[in-house]
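These are the residues of each chain, in order.
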Amino acid sequence: MLIRPSRTFVYVLAFLLSCFTAATASAQRSGGWQYDPDVGAVYKNGDFRWTIWAFTERYWGPRDDAVSADAWRRVRQGMEFDLPRLNGYLRPAVVYEVDLTDNNFFHSGRSSQVFENLYLSIQNPDDANRFRALFGENTHILSREDNLSSGNLPTINRSLILEEHGSVNSFGTQWGLEFFKSLSSRTSIAFAAQDNRGSLNQAHPNYRIGNSLSAKVTTLALRDTVARRQLNLGVGADHTRAIYDRQFTLSSAVGTEVIGGTSATGNKFTIEGDAAYAWFMGVHPMTLEGEYLFSDFSHSLTDVSGGYALLQGSLFDSPERGDLDPFIRYDVVRLSREIAGGLAFQQAWRAGVNYNLPSTAKHMNLHLEYALNRVAGPAAIVPARRSFGEFRVELRVNAARYLRH
């Protein structure tokens, strides 16, 4: 396979690298600018803080692939303006993020449908993870940050079943209200009232706050600093009303090739649970994580369930050699509809490596992933039983470091 980056990719890559260089240099000079390797470029003036981030992801695959083998997955840029605090407990903030890949930006040179996130927040003045209430466009709280600005995915798709829920506008960017509160150093809660049908980045925006209602609780169930291990748990629920003329689409794990689907309409009720366990095997950090979802669509009498389990570990991590993580994971989805006469069963075994390249301070990542897809079911959901493999190479460049453990 011959990889030939486009001219646009080279320009974006050079731009991001120049930003990193300029920010690092500014951090060495006196003044308001500094570079934080975990968030990006930061400007401070008194109690005002301005944070700038950006990242890009592009992947390649075999030329005979049925799905586009050479595409931008994400090219995003965003900012957060933390305004002076109102008191000792609250400050206002404005956040935006644009995605230049899903709107023909690189082809037309201009587009008004570029916003992935745009909201006004009232939050804790020192740590938004302790308290945040926002209004505007942001990711659904059950998405596990797959659509946010980390760009720090352990695999090409964080969760196959979450990606497939996107076909019914369930867990992507939404418009509305979100509330997040840390109850203690271990437990937090989140609530949201949003519109699942899209907003600023859609051709026909909707702003019906409350069409999707959701809640989630997360907790640090175990933290042993001596044994260097911890366990995080989460459970959530979502109720979305008035889903019309939609299909729940089964897609392949890496290339997102459509391999089946059926009608998914009415009111949707979803439950979600996830767990992540981190520990050390000698000097090597390890992570085992998983997620499960179940959704019921009332009008079409469609049920879908599934999730994934992922194991990854670091082989080595040094400035001279880079940071190499191999991983293996299993995804499964079960899709049924009463009139379809059976159950469609989809599974994917996926394996690959995540490599933070040497001498890039974990800002440049090379990702290789192979997936073996299998799907079977009634003809009304799956046109034909299929088994096939997919391969992708992805290059990521980020203003923030890629951290996996």
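Keep in mind the model is a prediction, meaning the values are calculated, not measured.

About the cut-offs
- Residues numbered from 1 in each chain as written.
- Predicted model: local features only at pLDDT ≥ 70, side-chain atom pairs only at ≥ 80, totals over all residues.
- Heavy atoms only, no water.
- Core = buried A, V, L, I, M, F, W, Y, C linked by side-chain atoms within 4.5 Å.
- Buried < 20%, exposed > 50% of the residue type's maximum accessible area, 1.4 Å probe, protein only.
- Helix = DSSP H or I, 4+ residues; strand = E, 2+ residues; numbered from the N terminus.
- Contact = heavy atoms within 4.5 Å.
- pLDDT = per-residue confidence, 0-100.
- Salt bridge = Lys/Arg side-chain N within 4 Å of Asp/Glu carboxyl O.
- Phe/Tyr/Trp six-rings, centres within 6.5 Å; stacked < 30°, edge-to-face > 60°.
- Lys NZ or Arg CZ within 6 Å of the ring centre and 35° of its normal.
- Patch = residues over 30% accessible without salt bridge, like charges linked within 9 Å, V, L, I, M, F, W, Y side chains within 5 Å.
- Areas by Shrake-Rupley, 256 points an atom, 1.4 Å probe, with all protein chains shown as cover.
- Pairing = 2+ DSSP bridges.
- Polar contact = N/O pair within 3.5 Å; in protein donor to acceptor, adjacent residues only side chain to side chain.

### A few points about the nonpolar core
Move 1: Counting 25 residues, the largest nonpolar core has Phe-248, Leu-250, Phe-297, Val-304, Leu-335 and Ile-381 as its most contacted members.
Move 2: Those elements that provide at least two residues to this core are α3 (160–165), β9 (187–195), β12 (247–251), β15 (284–297) and β18 (322–337).
Move 3: When residues no more than four places from it in sequence are discounted, the contact partners of Leu-335 are Phe-248, Leu-250, Gly-261, Thr-262, Thr-302, Asp-303, Val-304, Gly-342, Leu-343, Ala-344 and Ile-381.
Move 4: Judged by nonpolar contacts, the second largest core, of nine residues, contains Leu-357, Val-393, Leu-395 and Val-397.

### Considerations on the confidence of the model for the chain
Move 1: Confidence along the chain averages 86 in pLDDT terms, with 86% of residues attaining 70 or more.
Move 2: Scored below 50 in pLDDT, residues 1–5 shows 11 contacts in the model against residues more than four places distant or in partner chains.
Move 3: Taken as a whole, residues 23–30 scores under 50 in pLDDT and shows nine contacts with residues more than four places along the chain or in a different chain.

### Some thoughts on the pattern of salt bridges
Move 1: Following the criterion strictly, the structure yields 26 salt bridges and no others.
Move 2: Across the pair Asp-317 and Lys-362 runs a salt bridge, and its minimum N-O distance is 2.9 Å. Of this pair, Asp-317 sits in strand β17 (residues 316–318) while Lys-362 sits in the loop between β19 (342–356) and β20 (364–376); the two residues are 45 residues apart in sequence, bridging distant segments of the chain.
Move 3: You can call Asp-317 partly exposed: its relative accessible area is 45%.
Move 4: The partner of Arg-404 in a salt bridge is Asp-323, with the nearest N and O atoms 3.1 Å apart. Placement of Arg-404 in the segment after β21 (386–398) and of Asp-323 in strand β18 is noted, with a sequence separation of 81 residues between them. The two residues Arg-404 and Asp-323 agree in class, both being buried.
Move 5: Here the residues in one salt-bridge network are Asp-317, Asp-323, Asp-325, Lys-362 and Arg-404, joined through shared partners.

### What to know about unusual backbone geometry
Move 1: Phi at Thr-256 is positive, roughly 55 degrees, even though this residue is not glycine.
Move 2: Looking at where Thr-256 falls in the secondary structure, it is placed in the loop between β12 and β13 (258–263).
Move 3: One non-glycine residue, Leu-301, lies in positive phi territory at about 55 degrees.
Move 4: By the secondary structure assignment, Leu-301 is in the loop between β15 and β16 (302–313).
Move 5: Residue classification places Leu-301 among the partly exposed residues on the basis of a relative accessible area of 43%.

### Regarding the packing of aromatic side chains
Move 1: In the structure shown here, the tally under the stated rule is 10 aromatic pairs.
Move 2: A centroid spacing of 5.7 Å and a plane angle of 20 degrees characterise the contact between Trp-50 and Phe-81, whose relative ring orientation is stacked. On the criterion of sequence distance, the pair formed by Trp-50 in strand β3 (residues 48–60) and Phe-81 in strand β4 (residues 70–82) is long-range, its members being 31 residues apart.
Move 3: Classification of Trp-50 as partly exposed rests on a relative accessible area of 23%.
Move 4: An angle of 75 degrees between the planes, with centres 5.5 Å apart, marks the rings of Phe-131 and Phe-179 as edge-to-face. In this pair, Phe-131 sits in strand β7 (residues 131–139) while Phe-179 sits in strand β8 (residues 173–182), placing the two residues 48 residues apart along the sequence.
Move 5: With a relative accessible area of 30%, Phe-179 lands in the partly exposed category.
Move 6: Ring-pair connections join several aromatic residues into one group, and the members of that group are Trp-33, Tyr-43, Trp-50 and Phe-81.
Move 7: A cation sits over an aromatic face here: Arg-228 above Phe-280, 3.9 Å from the ring centre.
Move 8: A cation sits over an aromatic face here: Arg-386 above Phe-388, 4.5 Å from the ring centre.

### A few points about a nonpolar patch on the surface
Move 1: A cluster of nonpolar residues, Leu-288, Leu-311, Ile-328 and Trp-349, forms a patch on the protein surface that exposes about 360 Å² of accessible area.
Move 2: When you line up the elements, Leu-288 lands in strand β15.

### Thoughts on the pairing of β9
Move 1: Buried residues dominate β9, accounting for seven of its nine residues.
Move 2: Pairing of β8 with β9, which is carried by eight bridges, proceeds in the antiparallel orientation. Pairing of Phe-180 across the sheet is with Ala-190, part of β9.
Move 3: Where β8 folds back on β9, the antiparallel hairpin that results is connected by four residues.

### Considering the environment of Asn-354
Move 1: Tracing the sequence through the fold places Asn-354 in strand β19.
Move 2: Each residue touching Asn-354, except ones within four places of it in the same chain, is listed here: Leu-153, Pro-154, Asp-323, Leu-324, Asp-325, Phe-327, Asn-365, Leu-366, His-367, Arg-396 and Arg-404.
Move 3: Within polar-contact distance, the side chain of Asn-354 engages the side chain of Asn-365 at 3.1 Å.

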